[in-house]
Amino acid sequence: QTESERAAAFEPVTTLDGRRLHVAANIATRAEARSAARSGADGVGLMRSEFLFLERQTAPTLAEQQAEYRAAVEAMDGKPVVVRLLDIGADKQLPYLRLPATPNPALGERGVRLWQTQPALFETQLDALLEAGRDLPLCEDGLTALRLMVPMVADVGELRWVRQRLASRAASLGIERLPALGVMIEVPTAALCADDLAREADFLSIGTNDLTQYALAMDREVASLALRSDVLHPGVLRLIASCLDGASGQCPVAVCGAAAGDPLAGALLAAMGVDELSVEPGRIAAVKAGLRRLDAGALAARLPSLLALADAAAVRQALQELSGSLL
Ligand code: PEP
Ligand code: MG
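Now for a quick tour of the structure. Just so it is clear, the model here is predicted, and its values are computed rather than measured. (Residues numbered from 1 in each chain as written. Chains lettered and ligands numbered in written order. Predicted model: local features only at pLDDT ≥ 70, side-chain atom pairs only at ≥ 80, totals over all residues.)

**Some points on the pairing of strand β2 (residues 20-27)**
Point 1. For β2, the buried fraction is high: seven of the eight residues fall into the buried class.
Point 2. As defined by bridge partners, strand β1 (residues 13-14) adjoins β2 across two bridges and the pair is classed as antiparallel. Residue pairing for β2: Val13 is matched across the bridge by Leu21.
Point 3. Here β1 folds back onto β2 in antiparallel fashion, the turn holding five residues, of which Gly18 has a positive phi close to 85 degrees.
Point 4. Relative to strand β9 (residues 276-279), β2 runs parallel, the two being bridged by four bridges. Bridged to Ala25 within β9 is Val279.
Point 5. Taken together, the three bridges between β2 and strand β3 (residues 44-48) define a ladder with parallel strand orientation. Directly across from Ala25, in β3, lies its bridge partner Val44. (Buried ≥ 20, exposed ≤ 12 C-beta atoms within 10 Å, placed from the backbone. Helix = DSSP H or I, 4+ residues; strand = E, 2+ residues; numbered from the N terminus. Pairing = 2+ DSSP bridges.)

Okay, here's the thing in structure tokens:
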């Protein structure tokens, strides 16, 4: 990474053919928010709030959470910060939250499904986020600076349930303006129902790690499947295309899974029309530099032939051959 690439990371990014994108950061803590700001991130696209809840004997209090969220927003100095609501279950467990043993935790009560049975934990987090976002100025896009995002949504009913809980907590705290509320697209049905979700959500963010796992029925924790469990599988790409198609014009769509930071997959996702890539802070400069070299329109024109290929390896190979000319 060159000095000039690091400096250019603080500038807005457009592709070679003039398409504007945001490059945001994935973080876990307020310390990482500071490193995101120092890397030139256009915002935080994913703050994994569960890191506040892990490795401790009791749940973080409202005040502890509020301080952490507020510090992250302050570090980003007016740029958007998306906090993903507690995503517990599957590979992440809490000592103070006894969940019944289940044969397939990745398919069990996790993400938004869990909150319906854990109202106290959930409401404390909503209250902390509402307080942390109280009275902050709006961002350039007209949305609140502190934004909430719901993991593992399968249908619009779950979004409505969260919005209703949020409105009710806001009313009891005397807060009139609700924070922007987005949906993670990581369950295949959510990608297929993106038109319904986008009509009611303020933004969507594709979690390619889980979307790939659930679309291919390949556990993301199984190392021997890692090579085949690739977002570039034509079927996963078709799900993403369907999501973008459904959302089009209704609300912005980001990608916050690891694919956003992969040079080939990130370029393809940008060409497919996503508005934001959210990546590890250390990848911001390289991802912005890659987007500036990308002819998004020309790559988008190749999409039908890429989607017709047999498997992820073939798509990866085809993209590799295009790098140097289009990306
Ligand atoms: C994802 O599933 O792509 C995602 C960003 O969330 P996590 O990796 O935390 O499950
Ligand atoms: Mg996920």
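**Points about unusual backbone geometry**
Point 1. The phi dihedral of Asp77 is positive, around 50 degrees, even though this residue is not glycine.
Point 2. Its location among the elements puts Asp77 in the loop between α3 (62-76) and β4 (81-84).
Point 3. Of note, Asp135 is a non-glycine position whose phi angle comes to about 70 degrees, a positive value.
Point 4. Looking at the secondary structure, you find Asp135 in the loop between α5 (119-133) and β5 (146-150).
Point 5. Classification of Asp135 by C-beta neighbours within 10 Å gives exposed; the count is 7.

**A short note on the nonpolar core**
Point 1. Judged by nonpolar contacts, the single largest core of 102 residues is most densely connected at Val44, Leu204 and Cys243.
Point 2. A per-element tally of this core places helix α11 (residues 263-272) first, with eight residues.
Point 3. Leaving out residues up to four positions away in the same chain, Cys243 has contacts with Ile185, Ala191, Ala194, Leu204, Ile206 and Val253. (Core = buried A, V, L, I, M, F, W, Y, C linked by C-beta atoms within 7 Å. Contact = placed C-beta atoms within 7 Å.)

Geometry only, nothing functional implied.
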